[in-house]
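Summary of the model geometry
Now for the letters of each chain:
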Amino acid sequence: MYTQSFNVPDTPGLRSVPLAPSTESAESQARFDNKIDADGKIEPQDWMPEAYRKTLVRQISQHAHSEIVGMLPEGNWISRAPSLKRKTILIAKVQDEGGHGLYLYSAAETLGTSRDQMLEGLHSGKAKYSSIFNYPTLNWADLGVVGWLVDGAAIMNQIPLCRCSYGPYARAMIRVCKEESFHQRQGYEALLVMMKGTVEQKAMVQDAVNRWWWKCLAMFGPPDADSPHSAQAMRWGIKRISNDDLRQKFVDATVPQAKVLGVTLPDPDLKWNEERQHHDYGQIDWDEFWSTVNGNGPCNKERLATRVKAHNDGQWVRDAALAYSRKRQTQAIKEAA
Ligand code: BYC
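Quick notes on the rules
The residue numbers shown here count from 1 along each chain, following its written sequence. Owing to the predicted nature of the model, reporting of local features is limited to residues with pLDDT of at least 70; listing and counting of side-chain atom pairs is limited to 80 or more, with chain, interface and lining totals taken over all residues. To obtain the side-chain values, all non-hydrogen atoms of the structure were used and water was disregarded. Put simply, DSSP H or I for four residues or longer makes a helix, DSSP E for two residues or longer makes a strand, and each gets a number counted from the N terminus. Burial here depends on accessible area, computed with a 1.4 Å probe over protein chains only, as a share of the maximum for the residue type. Under 20% is buried, over 50% is exposed, and the range in between is partly exposed. Residues are treated as being in contact if the distance between any of their heavy atoms lies within 4.5 Å. Put simply, buried Ala, Val, Leu, Ile, Met, Phe, Trp, Tyr and Cys residues joined by side-chain atoms within 4.5 Å make one nonpolar core. By definition, a salt bridge exists where a carboxyl oxygen of Asp or Glu is found within 4 Å of a side-chain nitrogen of Lys or Arg. We call a residue near a molecule or strand as soon as one heavy atom of that residue lies within 4 Å of the molecule or strand. Pairs of N or O atoms within 3.5 Å make up the polar contacts considered here, provided that, within protein, one atom can donate a hydrogen while the other can accept it, and that residues adjacent in sequence are counted only when both atoms are side-chain atoms. For the accessible areas, the method is Shrake-Rupley and the probe is 1.4 Å, while residue cover comes only from the protein chains on display. Residues are grouped as follows: Ala, Val, Leu, Ile, Met, Phe, Trp, Tyr, Cys and Pro are nonpolar; Asp, Glu, Lys and Arg are charged; all remaining types, including Gly, are polar. With axes taken as lines fitted to C-alpha atoms, and helix axes fitted only over the stretch in contact, angles between N-to-C directions fall between 0 and 180 degrees. In this scheme, roughly parallel covers angles under 35 degrees and roughly antiparallel covers those over 145, while 65 to 115 is roughly perpendicular and the rest are oblique. Crossing handedness follows the turn of the near helix against the far one: under a right angle anticlockwise gives a left-handed crossing, and clockwise gives a right-handed one. pLDDT measures how confident the predictor is about each residue, on a scale from 0 to 100.

Focus: the environment of alanine 107
By the secondary structure assignment, alanine 107 is in helix α3 (residues 84–109). In this structure alanine 107 comes out as buried when scored by relative accessible area, which is 4%. Linking alanine 107 and tyrosine 169, residues 62 residues apart in sequence, is a C-alpha distance of 5.7 Å. Non-local contacts of alanine 107, meaning those with residues more than four positions away in its chain, are made with Ile60, Tyr166, Pro168 and Tyr169.

Structural data, given as C-alpha cells:
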C-alpha cells in the first residue's frame, strides 16, 4: 500500500520564501544555502542557522513524543487482544513505536538538545505531540482502524521526510517508514477479517471508521494558509510536501481501500472531481483540532499523567544504570593504574 518506493514529486504547494537571514559569517551561510539548493544533506558537525536547528529540534522532538505517547492507546489493548496471534502482533507494533521514539530522540540529540530537556518539554505540557493520540481506543475495531488510517496517515507524512535535508532525521525515517508500512497493513488485514465476520463485527468497524476518519485528516496539520512553519520548512528541505497536498494524497489513496474493505467514509461531500483528478472532501473541524492540540481533547490529561508516571517509575532503572557505569569506570581506572 505505502512503501519505500512511494513516489513523491517535488511540487511545493506553498509560496517560496527567502532563506532566513543569519548573523553568522556570510561564508558559512553561503555554504549551507548551496548545500540546501543542491539538495544535499546537512550533518550534525556542519554549520547551520540557529533557526534551522530550532525548527528541527521542535519537529523531531514532537515527532519522538508522538511515537512514545502513541504507544498508549494501543498498549491498553495488549491484554485484551482477541487471539494470541493478534496479541503477538500488537506487542511487536507497540515495541516498534517505542523504538521509533528512541531513534528520533537520538536524531534530535545530535542538534545539541539533551533528552532530559526534550522530556521536560513533554512532561510539562510545553511540547506538542500528535493530536491523534488524545482520542480513546474504545474497542478492538479501533485498533484495526488505528493501524489502517492513523499509521496510513503517518506514512503518507513520513515518506517525504526520508528525503529531509537533515541527515540523521532522514536516515531515521527510512527505518521508521519500513516498520510503519507493516503496521498499516496489519491494521487493514485485521479489519478485513472483521468485515468477513458477524453483523456486529462489521458495525464495529464502521463505527470506528466514523469516529477516526476526520481526526486522521487533521493529523496532517492546519491548512497551508494557516501553517506558520510550512513555507520556511519547505525552503529548507525539511518538509517536501505541504500539509494540504499530503492530506489530499491520503484521501485519494484511502477511498479505494475503503471500497475493498466495504466501509463508508463518513463524509457526504467526498466525491471524485474529474477536473482536479482528486477527491473533493468536506470541512475539517479545526476548532476541535486546536482545542485538542491545546490540551482539551478527551484523553490529553490521562496521556500526560501516564507518561509522567512511567518516567518517574523508571527513575530507579536510570539510577541503577548510572551507578553501574560509575562503578565500571572506577574499576577501569584502578586496573589501568
Ligand atoms: N498534532 O505550521 P505547522 C505516528 C502544530 S507519529 C499536534 O503546519 P509543522 C504514530 C505544529 O506542531 C505522528 N500539533 O507545523 C506513532 C505547530 O505548533 P508549534 C507524528 C500539530 O511542524 C505511534 C502548529 O500546529 N508525526 O503517526 O510545519 C503509533 C502549526 O502547524 C499537528 C510527526 O510528528 C498535529 N496533528 O507541520 C502510530 C511527523 N499538526 O510546534 C502512529 C513529523 C500541526 O509551533 N512532523 N501541529 O507549537 C511533521 O511532519 C510536522 O511537524 C507536522 C506539522 C506536519 C505535524
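Considering the environment of glycine 70
Mapped onto the fold, glycine 70 is located in helix α2 (residues 50–75). With sequence-adjacent residues up to four places away left out, glycine 70 is seen in contact with His65 and Phe133.

A word on the nonpolar core
Tyr52, Trp148 and Tyr166 are the most contacted members of the largest nonpolar core, which has 78 residues in total. Ranked by the residues each element gives to this core, the list is headed by helix α5 (residues 140–158), at eleven residues. Residues in contact with tyrosine 166, not counting those within four places in the same chain, are Lys41, Ile42, Glu43, Pro44, Met48, Tyr52, Leu56, Ile60, Ala107, Thr110 and Leu111.

Focus: the pattern of salt bridges
Applying the stated criterion across every chain, the model contains 20 salt bridges. Taking the shortest distance from any N to any O, the salt bridge between glutamate 27 and arginine 31 comes out at 3.6 Å. One end of the pair is glutamate 27 and the other is arginine 31, both in helix α1 (residues 26–37) and four residues apart, which spans about a single turn. Exposure remark for glutamate 27: the relative accessible area of 57% places this residue in the exposed category. Relative accessible area serves as the criterion here: at 53%, arginine 31 is assigned to the exposed category. A single network of salt bridges, built from pairs that share partners, joins Glu74, Lys93, Glu97 and Asp151.

Structural notes on unusual backbone geometry
The phi dihedral of aspartate 39 falls on the positive side, at around 65 degrees, and the residue is not glycine. Residue glutamine 277 is not a glycine yet carries a positive backbone phi of 60 degrees. When you line up the elements, glutamine 277 lands in the loop between β1 (271–273) and β2 (278–280). Residue glutamine 277 is classed as partly exposed on the basis of its relative accessible area, which comes to 45%.

Side note on the site of the ligand
Neighbouring the ligand are 32 residues; Lys128, Ser131, Ser227, His229 and Lys239 lie closest to it. At a separation of 2.9 Å, an oxygen atom of the ligand approaches a polar side-chain atom of arginine 58. In isolation the ligand offers 1,000 Å² of accessible surface; the protein chains occlude 92% of this area. Looking at the shell around the ligand, the elements with two or more residues in it are α2, α5 and α10 (286–296). When residues in the shell around the ligand are grouped by element, the largest group, seven residues, is from α2. Of the residues in the shell around the ligand, the class split is 13 nonpolar, 13 polar and six charged.

Considering the packing of α3 against helix α6 (residues 167–195)
Each pair of packed helices can be summarised by the angle the axes make with each other and by the distance between the axes. Close contact between α3 and α6 brings their axes to 10 Å; oriented N to C, the two are set at 160 degrees. The orientation of α3 with respect to α6, classified from their angle, is roughly antiparallel. The hand of the α3/α6 crossing is left-handed. The residue makeup of the contact of α3 with α6, split by class, is twelve nonpolar, three polar and nine charged.

Digging into the packing of α2 against helix α11 (residues 300–313)
Between α2 and α11, whose axes approach to 10 Å, the crossing angle comes to 110 degrees. Judged on the interaxial angle alone, α11 and α2 are roughly perpendicular. Between α2 and α11, the contacting residues are Ile68, Val69, Leu72 and Pro73 on the first element and Arg303, Thr306 and Arg307 on the second. Tallied by class, residues from the contact of α2 with α11 come to four nonpolar, one polar and two charged.

Comments concerning the confidence of the model for the protein
Looking at the protein as a whole, the pLDDT averages 93, with 93% of positions reaching at least 70. Note that residues 1–17 has pLDDT below 50 and, in this model, 48 contacts with residues that lie over four places away or in other chains.

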